[in-house]
Amino acid sequence: MNMKKKIVTFFSLALMGSFLAACSTDDQAKTDTTQGSEPIEQITDQSNAEPQSIIGGLKIIIDKQEINQKKTEDGEQVLHTFTITAENMGSVAAGVGSIDFLLETEDGELLELDHTMAMFGNEIAVGETITGQVSFALEEGQVAKKLIYKPGEEQLAEWDVKSE
């Protein structure tokens, strides 16, 4: 009788172990498929909320846009400054910074950030948030059209901007 109980217990444990392993493998497959880059999701809210997008686990919000005059040795420029908040909603740390953004003008020219102005950038832990500014100096006659998020070779998101 004692040997019979051991055999039944052994087979029960083996069966339960197989079941748990199968569940674990299934969960792992689900996790692996969600860790890739997520499609761009433009979020529009009718309650005058700021524009935001979710890209690869990062929720990027354009909090504010300011337009000012910038005096240089060569004359005046129009300075567009954007306050940006990025929240890591993914499952791994992710980086974001001023250098990941470009400004497109109405004539299609892509402008890099103004390196003389305040910048931000850092790796964001899961569930954490970073806020900072990125500024672009436009010459006379240039009109801002879109703020572009391009952290590498590929453009991942864009937002329409005001020009005045």
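- The name an unreviewed UniProt entry gives the protein is DUF4352 domain-containing protein, with Enterococcus innesii as the organism.

Topic: the overall build of the protein
Logical step 1: Summing up its helical and strand segments, the protein has 1 helix and 11 strands in all.
Logical step 2: Put simply, the protein runs from its N terminus to its C terminus through helices and strands in the order α-β-β-β-β-β-β-β-β-β-β-β.
Logical step 3: Classification of the 164 residues of the protein by burial places 31% in the buried group.
Logical step 4: Within the protein, contacts between residues separated by at least 24 positions form 59% of all contacts whose residues are at least 6 apart in sequence.
Logical step 5: Accessible surface, the protein as shown: approximately 10800 Å² in total, 52% of it carbon and sulfur.

Topic: the environment of serine 91
Logical step 1: Within the secondary structure layout, serine 91 lies in the loop between β4 (75–88) and β5 (94–97).
Logical step 2: Linking serine 91 and glycine 127, residues 36 residues apart in sequence, is a C-alpha distance of 8.6 Å.

Here we look at the sheet that holds strand β10 (residues 144–149)
Logical step 1: As summarised here, the arrangement of the 4 strands in space is β7-β6-β10-β11, forming an open sheet in which the pairing is antiparallel. The open sheet has two edge strands, β7 (110–111) and β11 (157–160), and neither has a second partner.
Logical step 2: With 5 bridges joining them, strand β6 (residues 101–105) and β10 adopt antiparallel strand pairing. Its bridge partner being in β10, threonine 105 is matched across the sheet by alanine 144.

A short note on the side chain of aspartate 100
Logical step 1: Tracing the chain through its elements places aspartate 100 in the loop between β5 and β6.
Logical step 2: A polar contact is formed between the side chain of aspartate 100 and the backbone nitrogen of glycine 97, at a distance of 2.9 Å.

With respect to the pairing of strand β2 (residues 52–55)
Logical step 1: The alternating pattern of β2 places Gln52 and Ile54 on one face and Ser53 and Ile55 on the opposite face, and all of these are buried.
Logical step 2: Of the pairings in the sheet, the one linking β2 to strand β3 (residues 58–72) comprises 4 bridges and is antiparallel in character. Paired with serine 53 across the two strands is isoleucine 60, which belongs to β3.
Logical step 3: Connecting β2 to the antiparallel partner β3 that follows it, the hairpin turn spans 2 residues, and glycine 56 within it adopts a positive phi of roughly 55°.

Some remarks on the packing of aromatic side chains
Logical step 1: In the structure shown here, the tally under the stated rule is 3 aromatic pairs.
Logical step 2: Between phenylalanine 101 and tyrosine 149 the ring centres are 5.3 Å apart and the planes differ by 45°, which places this aromatic pair in the tilted class. With phenylalanine 101 in strand β6 and tyrosine 149 in strand β10, this pair connects stretches of sequence that are 48 residues apart.
Logical step 3: On the accessibility criterion, phenylalanine 101 (1% relative accessible area) is buried.

Quick word on the pattern of salt bridges
Logical step 1: Under the criterion given, the structure shown has 6 salt bridges.
Logical step 2: A salt bridge links aspartate 114 to lysine 70, with the nearest nitrogen and oxygen atoms 2.4 Å apart. In this pair, aspartate 114 sits in the loop between β7 and β8 (121–124) while lysine 70 sits in strand β3, placing the two residues 44 residues apart along the sequence. Side by side, aspartate 114 and lysine 70 carry an identical accessibility label, which is buried.
Logical step 3: Between lysine 146 and glutamate 158 there is a salt bridge whose closest N-O contact spans 2.8 Å. In this pair, lysine 146 sits in strand β10 while glutamate 158 sits in strand β11, placing the two residues 12 residues apart along the sequence.
Logical step 4: Assessed through its relative accessible area of 29%, glutamate 158 is described here as partly exposed.
Logical step 5: Where salt bridges share partners, they join Lys146, Glu158 and Asp160 into one cluster.

The rules behind the values
- Per chain, the residues get numbers from 1 upward, laid out in the order the sequence is written.
- At least 70 in pLDDT is required for a residue's local features to be given in this predicted model, at least 80 for side-chain atom pairs to be given and counted, and no such filter applies to totals for whole chains, interfaces and linings, which use all residues.
- Side-chain numbers come from the whole structure's heavy atoms, not from hydrogens or water.
- Helix and strand labels come from DSSP, where a helix needs a run of H or I of at least four residues and a strand needs a run of E of at least two; each type is numbered from the N terminus.
- Residue burial is assigned from relative accessible area. The probe radius is 1.4 Å, only protein chains are included, and a residue is buried under 20% of its type maximum, exposed over 50%, and partly exposed in between.
- What makes two residues a contact is simply this: any of their non-hydrogen atoms within 4.5 Å.
- Computed by Shrake-Rupley with a 1.4 Å probe, the accessible areas treat only the displayed protein chains as cover when residues are assessed.
- A pair of strands counts as paired when DSSP detects no fewer than two bridges linking them.
- What qualifies as a polar contact is a pair of N or O atoms within 3.5 Å, subject to a donor-acceptor requirement within protein and to the restriction that residues adjacent in sequence count only when both atoms come from side chains.
- Two aromatic rings, drawn from Phe, Tyr or Trp (for Trp, its six-membered ring), form a pair once their centres lie within 6.5 Å of each other, and the interplanar angle then sorts them: stacked below 30 degrees, edge-to-face above 60, tilted otherwise.
- When a carboxyl oxygen of Asp or Glu lies within 4 Å of a side-chain nitrogen of Lys or Arg, that pair is called a salt bridge.

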